[in-house]
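# Notes for the structure review
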Amino acid sequence: MTTTAESHEVELAIGGMTCASCAARIEKKLNRMDGVEATVNYATEKAKVSYRGTDVSVGDLIATVEATGYTAQEPAPPRAQSAAESGEPTEEPDELRPLRQRLITAVALAVPVIAMAMVPALQIEYWQWLSLTLAAPVVTYAAWPFHRAAWTNAKHGAATMDTLISVGTTAAFLWSLWALFFGTAGTPGMTHPFELTIARTDGAGNIYLEAAAGVTAFILAGRYFEARSKRKAGAALKALLELGAKEVTVLRDGREVTVATAELQVGDRFLVRPGEKIATDGTVVEGSSAVDASMLTGESVPVEVSVGDSVTGATLNAGGRLVVEATRVGADTQLARMAKLVEDAQNGKAAAQRLADKISAVFVPIVIALALATLGFWLGNGAGLTAAFTAAVAVLIIACPCALGLATPTALMVGTGRGAQLGILIKGPEVLETTRKVDTIVLDKTGTVTTGQMTLLAVHTAPDTDETDVLRLAGALEHASEHPIAQAVAAGASAKVGTLPTPEDFANIAGLGVQGVVDGHAVLVGREKLLAEWAIELPAELGRAKNEAEARGRTAIAVAWDGEARAVLEVADAVKETSPEAIRRLRALGLTPILLTGDNEAVAKSVAAEVGIDEVIAEVMPEDKVNVVKRLQGEGRSVAMVGDGVNDAAALAQADLGLAMGTGTDAAIEAGDLTLVRGDLRAAADAIRLSRKTLGTIRSNLFWAFAYNVAALPLAAAGLLNPMIAGAAMAFSSVFVVGNSLRLRGFTPHS
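Residues numbered from 1 in each chain as written. Predicted model: local features only at pLDDT ≥ 70, side-chain atom pairs only at ≥ 80, totals over all residues. Heavy atoms only, no water.

### A closer look at the UniProt feature "transmembrane region" (unreviewed entry) in the chain
Applied cut-off: UniProt positions are given in the numbering used here, feature names are shortened, and annotations may be inferred rather than shown by experiment. Strands here mean DSSP runs of E at least two residues long; helices mean DSSP runs of H or I at least four residues long; both are numbered from the N terminus.
Within this numbering scheme, the UniProt entry marks residues 103–120, 126–144, 164–187, 207–225, 359–379, 385–408, 701–718 and 724–742 as carrying the feature "transmembrane region" (unreviewed entry). In this annotation, residues 103–120 is assigned 89% helix and 0% strand; the end-to-end C-alpha distance for the span is 27 Å. The span residues 701–718 is 94% helical and 0% strand by assignment, and the distance between its end C-alpha atoms comes to 27 Å.

Given below as structure tokens:
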């Protein structure tokens, strides 16, 4: 909890929410308290609360939430270890297993009940009693979450989709019990003939068990798929925290001791070998190396560090041996601060209101009022108690839209399934709404527009020097170095000239380059300063090539042998071949592209010009990326963000729509709303097209799911509803919704 002179801020973990309207109700109750400002996020199940003065305590806030019918507590601080490592149970048994068990029970028992009700040939002599036996566990055990939520809502004078499901299924089940035990429905050999006649009936021979069991099964399926995607909301934080080193070699009394990273203290000195992650933020006190910080900063060129330089935890030591003194540990490190940025960005998002919840907030009270009015009307007109109750219950049954349970999950299953075939992973229904409104797309450079790997792009040779000789000699020497830029030169050389010779007398000159003997030639490869130390100058032509390369943000490497400068090599993070085409397709969707990077401005502008992006924002740190997204949102834009690194995770979470490259880090993938498995930026355009089409399908499904039921309500209220008409309308609307969703299988990508 953070505190200022007048205001306090606390984050509460909320339990018991079943839909977005639950979050809205809690938020409304908290905001009614004096001096309290609260936002409740249904996806992350957290409330961020600011309160002023001394009259309100955390206990008061928790009491208010509990009085609303939910649970609240201060969440435990995140730890940089997985649940499996800590020996704690994972979330799945606690959250998804009960829901999955209820769903399996409901589907297994509801299918034969629906089949017997809809197919007269299956109606054996005592089929109605078999239906009751199968339906009872579905309406009681499987539907229990709906009944519990409806009771909670009722205690607070509210109505949601849970209320409608609970009232509808309970009414259908209780009426069926009455008809079986006290009416004529329990008579051996009773059938529901497949006829679509409209006639008034006293309902004594009608049972609605298939409606009660079917609605429960369909809605549970929708809740299960929603819960499965919602569980991933907090996974970005876990992925971020797990990026850090788990163990570290600490120097104590001249000995090397391996301890858990969590035990590090400020002032401890620890060893980082080549290829290891730096355990925490600190200062180099011994050694020099190249540190690959692209994951955190977006800087494509490895950073040379030596004694006195600062290093960041979770970055990779790509070169020599380092001894680092810890300056920040635990929650103070840059990695932990980035995790906090991601969490703040997620909590700052408005809770995604489902269209079904919005409609049910109005629809449910109207339907219940209509059912009561129907009951009163028929009793007042002397129709008799049985006929009056038949009509009232028919209103409740027909109003509970079976197809509504299918509307979102079927479109999502088909849409996400088609997306998965195309390398596009859509996380959940809340993602789709934003794709329709997005008008600006912010693109990370390294690993998104570019390959994210240093590549040999050009070779400039002096007169009378053969390019093959340059690549063979320079490549052989660089192949012996562990430096990422050296490896890029070696890879480019071996691709063009084949097998490289083995150097002799190889030496790595820290911060300057390498030297050695190759095929009898004394070779130097590195910075111009390395050549100057051997009294070798670049000729004018190579000097111009070096300056032009650096002006474009590329790394220029000088090559000399036998006392003469022979060539300049250009190394840079190469633009993906598909990126220019991807930018054109994103523009065609009405999106304005912006290049956002932690790299220097010269590199950024060069890449932007190559792919056709006009607006460039360069040299930004992770927290600045979040601020850039916030600034664009503050200008009224709806922002999509595409990225692949840890440094993009907070911005991906903050953006209205986050698209993570599947070739990137787990933290970015978890923070994104859509994942592009192939790492091809053209897939971003396809992902937005598919998401918009899936959203359109869900909207049309929801319309028809309600339309059929609303159209049948007057018949139910008039007491003219034949059970087979109700069943047929419900079945037809469900078939329509499924068929409409299946059209998404025909989606074809432009790429």
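Read on, since the account is not over.
### A few points about the nonpolar core
Which entries qualify depends on this criterion: Joining through side-chain atoms within 4.5 Å is the link that ties buried Ala, Val, Leu, Ile, Met, Phe, Trp, Tyr and Cys residues into a set, and such a set is a nonpolar core. The cut-offs for exposure are 20% and 50% of the maximum accessible area for each residue type, with area from a 1.4 Å probe on protein chains only; residues under the lower value are buried, those over the upper are exposed, and the others partly exposed. The contact criterion used is simple: two residues touch if any of their non-hydrogen atoms lie within 4.5 Å.
Among the nonpolar cores identified, the biggest contains 53 residues, and I207, L209, L220 and V395 are the most heavily contacted of them. Where this core is concerned, the elements lending two or more residues are helix 4 (91–118), helix 5 (127–142), helix 7 (161–181), helix 8 (209–230), helix 12 (355–380), helix 13 (385–399) and helix 26 (682–717). It is helix 8 that contributes the most residues to this core, 10 residues altogether. Look past the residues within four positions of V395 in its chain and what remains in contact with it is V367, L370, A371, T374, L713, A716 and A717. Ranked by size, the runner-up nonpolar core spans 36 residues in total, among them I424, L443, A582 and L674.

### A closer look at the sheet that holds strand 10 (residues 289–292)
Rules: When DSSP finds at least two bridges between two strands, those strands are taken to pair.
What the three strands build is an open sheet, ordered 11-10-13; its pairing is antiparallel. In this open sheet, the two edge strands, each paired with only one partner strand, are strand 11 (303–305) and strand 13 (316–317). Both strand 10 and strand 11 contribute to a ladder of three bridges, which runs antiparallel. The partner of V291 across the bridge, within strand 11, is V303.

### Things to note about the confidence of the model for the chain
Cut-off, in case you're wondering: Each residue carries a pLDDT score, the predictor's own confidence in it, on a scale running from 0 to 100.
Mean pLDDT over the chain stands at 80; residues scoring 70 or higher make up 82%. Predicted confidence is poor over residues 1–5, with pLDDT under 50, and the contacts of this stretch with residues over four places away or in other chains come to seven contacts. Across residues 348–353 the pLDDT falls below 50, and counting only partners more than four positions away or on other chains, this stretch makes 14 contacts in the model.

### Things to note about helix 18 (residues 484–497)
Under the convention used in this document: The span you would expect from a helix comes to 1.5 Å times its residue count less one.
A rise of 1.5 Å per residue sets the reference length of helix 18, with its 14 residues, at 20 Å; its end C-alpha atoms lie 20 Å apart and thus fit the reference within 8%. Buried within helix 18 are the following residues: I485, A486, A488, V489, A490, G492 and A493. The elements touched by buried residues of helix 18 are strand 17 (450–461), helix 17 (467–479), strand 21 (555–561) and strand 22 (564–575).

### Section: the sheet that holds strand 25 (residues 639–643)
Just so we agree on the cut-off: Axis geometry follows a simple rule: fit a line to the C-alpha atoms, using only the stretch in contact for helices, then measure angles between N-to-C directions, giving values from 0 to 180 degrees.
Reading across from one edge, 15-27-26-25-16-23-24 is the order of the seven strands in this open sheet, with mixed pairing throughout. Every interior strand has two partners, whereas the edge strands, strand 15 (424–426) and strand 24 (615–617), have only one. With direction set aside, neighbouring strand axes in the sheet form an average angle of 20 degrees. Looking at chain direction, strand 15 and strand 27 (residues 674–676) are connected through three bridges and run antiparallel. Directly across from I426, in strand 27, lies its bridge partner L674.

### Focus on the pairing of strand 26 (residues 657–661)
Applicable threshold: For crossovers, right-handed means that the path from the first strand over the helix to the second runs clockwise, given strands pointing away from the viewer.
Of all five residues in strand 26, five are buried, a share of seventy percent or more. Two elements, strand 25 and strand 26, share four bridges in a ladder whose sense is parallel. Bridge assignment links M641 to a residue of strand 26, and that residue is G658. Regarding the hand of the β-α-β motif, the stretch spanning strand 25, helix 24 (residues 646–654) and strand 26 is right-handed. Inspection of the sheet shows strand 26 paired to strand 27 by three bridges, in the parallel sense. Directly across from M661, in strand 27, lies its bridge partner L676.

### Considering the environment of T448
Mapped onto the elements, T448 comes out in helix 16 (residues 445–449). Sequence spacing of T448 and G679 is 231 residues, and the spatial spacing of their C-alpha atoms is 7.2 Å. With sequence-adjacent residues up to four places away left out, T448 is seen in contact with K576, S579, V642, G643, D644, M661 and L681.

### Here we look at the pattern of salt bridges
Filter applied, for reference: Should a side-chain nitrogen of Lys or Arg be within 4 Å of a carboxyl oxygen of Asp or Glu, the pair is scored as a salt bridge.
Applying the stated criterion across every chain, the model contains 25 salt bridges. Ionic pairing is found between E601 and K605, a salt bridge with its closest N-O pair at 3.2 Å. In this pair, E601 and K605 both sit in helix 22 (residues 601–611), four residues apart, roughly one turn of the helix. Residue classification places E601 among the partly exposed residues on the basis of a relative accessible area of 39%. Three or more residues are tied together by salt bridges with common partners; here these are E256, R273 and E276.

### Overview of a nonpolar patch on the surface
What counts, and what does not: Patches draw on residues past 30% relative accessible area with no salt bridge. Two like charges within 9 Å are joined, as are two nonpolar side chains (Val, Leu, Ile, Met, Phe, Trp, Tyr) within 5 Å. The method behind every accessible area is Shrake-Rupley, applied with a 1.4 Å probe, and residues are considered shielded solely by the protein chains displayed.
Taken together, the side chains of L379, L385 and F389 make up a nonpolar region of the molecular surface, amounting to roughly 270 Å² of accessible area. Inspection of the secondary structure puts F389 in helix 13.

### Brief notes about helix 6 (residues 144–155)
With 12 residues, helix 6 extends 17 Å between its outermost C-alpha atoms, agreeing within 8% with the 16 Å of an ideal straight helix rising 1.5 Å per residue. Every buried residue belonging to helix 6 is among P145, F146, H147, A149, A150, T152 and N153, and all of these are buried. Just past helix 6, the residue G157 takes up positive phi, approximately 65 degrees.

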